[in-house]
Amino acid sequence: MPVANAITIPSYRYCHKLSHRLSALPSARKPMVTTASSSSASSNAGAFTTIKETVTFEKEIKKSKFIAIAGPISNEQSAHSFLNQVKDPRATHNCWAYKVGDQYRSNDDGEPSGTAGKPIHSAIVSSGLDRIMVVVIRYFGGIKLGTGGLVRAYGGVASECLRNAPTCLVKSKVPMGIEVPFDLLGVLYHQLQSFEVEDIKQDYDTGKEGITMVSFKVDFDRVEKLEEAIKGSCSRELVFYKH
């Protein structure tokens with residue numbers, strides 16, 4: 001009788017960084033399947049949903065034990081670190097896939113080509129999640145599953161693992177700066193706090209008397225509303241900078 005359970009491990013959190021350059025991970029057994037978009041900008045714009053923390057799902061299929069482990073990643077380097085953290089050298093196979101925007105990699109780790117890494121990646125795509133990696137560890141139980149059985153097993157446990165994962169919405173940040181007179185700093189900071197901006201910095205060395213530069217990061221979809229709110233609450237025209 002197949003048994004299944006889900007476990008949440010509160011570790012390896014990545015819920016803030018975006019990345020746009022990825023390279024191949026080393027493989028111990030077979031070359032990975034690689035597909036990459038030529039556009040890096042699309043993988044960094046807007047918002048995406050990822051998982052908050054590492055989660056696992058375990059299932060026995062025809063005496064083989066499958067353990068799926070999913071975790072948030074930010075780029076190729078963190079995917080490499082995550083794989084090294086969770087893989088088991090004693091297992092028969094450590095198959096995996098990850099997705100960061102339009103970039104993805106997958107690996108069958110000795111299973112027949114296309115029967116492990118690809119269905120894991122398909123499970124990631126179907127989940128609608130991004131910036132995640134799923135590693136499926138298999139301990140062979142003596143009964144061969146066949147090509148179709150392997151695809152269903154790897155894809156199935158990956159899907160179940162992601163279905164049980166707690167998620168969060170991450171929005172990309174737009175760096176901005178404003179040249180503002182000293183006497184309007186209080187008004188400006190009130191608006192910045194209302195819009196929950198991050199990484200506020202102030203530079204008095206602007207070369208303009210009575211003027212300071214305030215820089216910060218704001219959610220991409222709140223830029224225009226923030227500008228309107230600042231302009232509406234300040235009695236003078238301000239200079240805005242966006243990067």
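Residues numbered from 1 in each chain as written. Predicted model: local features only at pLDDT ≥ 70, side-chain atom pairs only at ≥ 80, totals over all residues. Heavy atoms only, no water.

## Comments concerning the overall build of the protein chain
A tally of helices and strands in the protein chain yields 5 helices and 13 strands. Evaluated residue by residue, the protein chain yields a buried proportion of 46% over its 243 residues. For the protein chain, contacts bridging at least 24 residues in sequence account for 76% of all contacts bridging at least 6. Total accessible area computed for the protein chain in this model is approximately 12,500 Å², and 50% of it derives from carbon and sulfur atoms. (Helix = DSSP H or I, 4+ residues; strand = E, 2+ residues; numbered from the N terminus. Buried < 20%, exposed > 50% of the residue type's maximum accessible area, 1.4 Å probe, protein only. Contact = heavy atoms within 4.5 Å. Areas by Shrake-Rupley, 256 points an atom, 1.4 Å probe, with all protein chains shown as cover.)

## A few points about the side chain of Thr 115
Within the secondary structure, Thr 115 sits in the loop between strand E7 (103-107) and helix H2 (117-127). One polar contact links the side chain of Thr 115 to the main-chain carbonyl oxygen of Pro 112, over a distance of 2.6 Å. Look past the residues within four positions of Thr 115 in its chain and what remains in contact with it is Asp 108, Thr 147, Leu 150, Val 151 and Tyr 154. (Polar contact = N/O pair within 3.5 Å; in protein donor to acceptor, adjacent residues only side chain to side chain.)

## Digging into the packing of aromatic side chains
One pass over the structure, following the stated rule, counts 3 aromatic pairs. With a centroid separation of 6.2 Å and an interplanar angle of 15 degrees, the aromatic rings of Trp 96 and Tyr 98 are classed as stacked. Residue Trp 96 is classed as buried on the basis of its relative accessible area of 3%. Classification of Tyr 98 by relative accessible area gives buried; the value is 0%. Between Phe 182 and Tyr 204, the ring centres sit 5.6 Å apart and the planes meet at 65 degrees, which makes this aromatic pair edge-to-face. Placement of the pair is Phe 182 in the loop between strand E10 (173-181) and helix H4 (185-194) and Tyr 204 in the loop between strand E11 (198-203) and strand E12 (211-219), with a sequence separation of 22 residues. (Phe/Tyr/Trp six-rings, centres within 6.5 Å; stacked < 30°, edge-to-face > 60°.)

## Notes on the pattern of salt bridges
All told, the structure shown has 12 salt bridges when counted by the stated rule. A salt bridge links Asp 221 to Lys 171, with the shortest nitrogen-to-oxygen separation between them at 3.0 Å. Taken together, the residues Asp 221 in the loop between E12 and helix H5 (223-233) and Lys 171 in strand E9 (residues 167-171) connect sequence positions 50 residues apart. The class for Lys 171 is partly exposed, based on a relative accessible area of 29%. Ionic pairing is found between Glu 198 and Lys 173, a salt bridge with its closest N-O pair at 3.5 Å. With Glu 198 in strand E11 and Lys 173 in strand E10, this residue pair connects regions lying 25 residues apart in the sequence. (Salt bridge = Lys/Arg side-chain N within 4 Å of Asp/Glu carboxyl O.)

## Examining H2
Three or more residues of H2 are buried, namely Gly 117, Pro 119, Ile 120, His 121, Ala 123 and Ile 124. Looking at the buried side of H2, the elements it contacts are strand E6 (93-100), E7, strand E8 (132-139) and helix H3 (146-163). Downstream of H2 by one or two residues, Gly 128 has phi in the positive range, about 80 degrees.

## Let's talk about unusual backbone geometry
With the exception of glycine, the majority of residues adopt a negative phi angle, and the majority of peptide bonds are in the trans configuration. The phi dihedral of Glu 196 falls on the positive side, at around 55 degrees, and the residue is not glycine. Residue position: Glu 196 is located in the loop between H4 and E11. At Asp 199, a position not held by glycine, the phi torsion is positive, near 55 degrees. Position of Asp 199 among the secondary structure elements: in strand E11.

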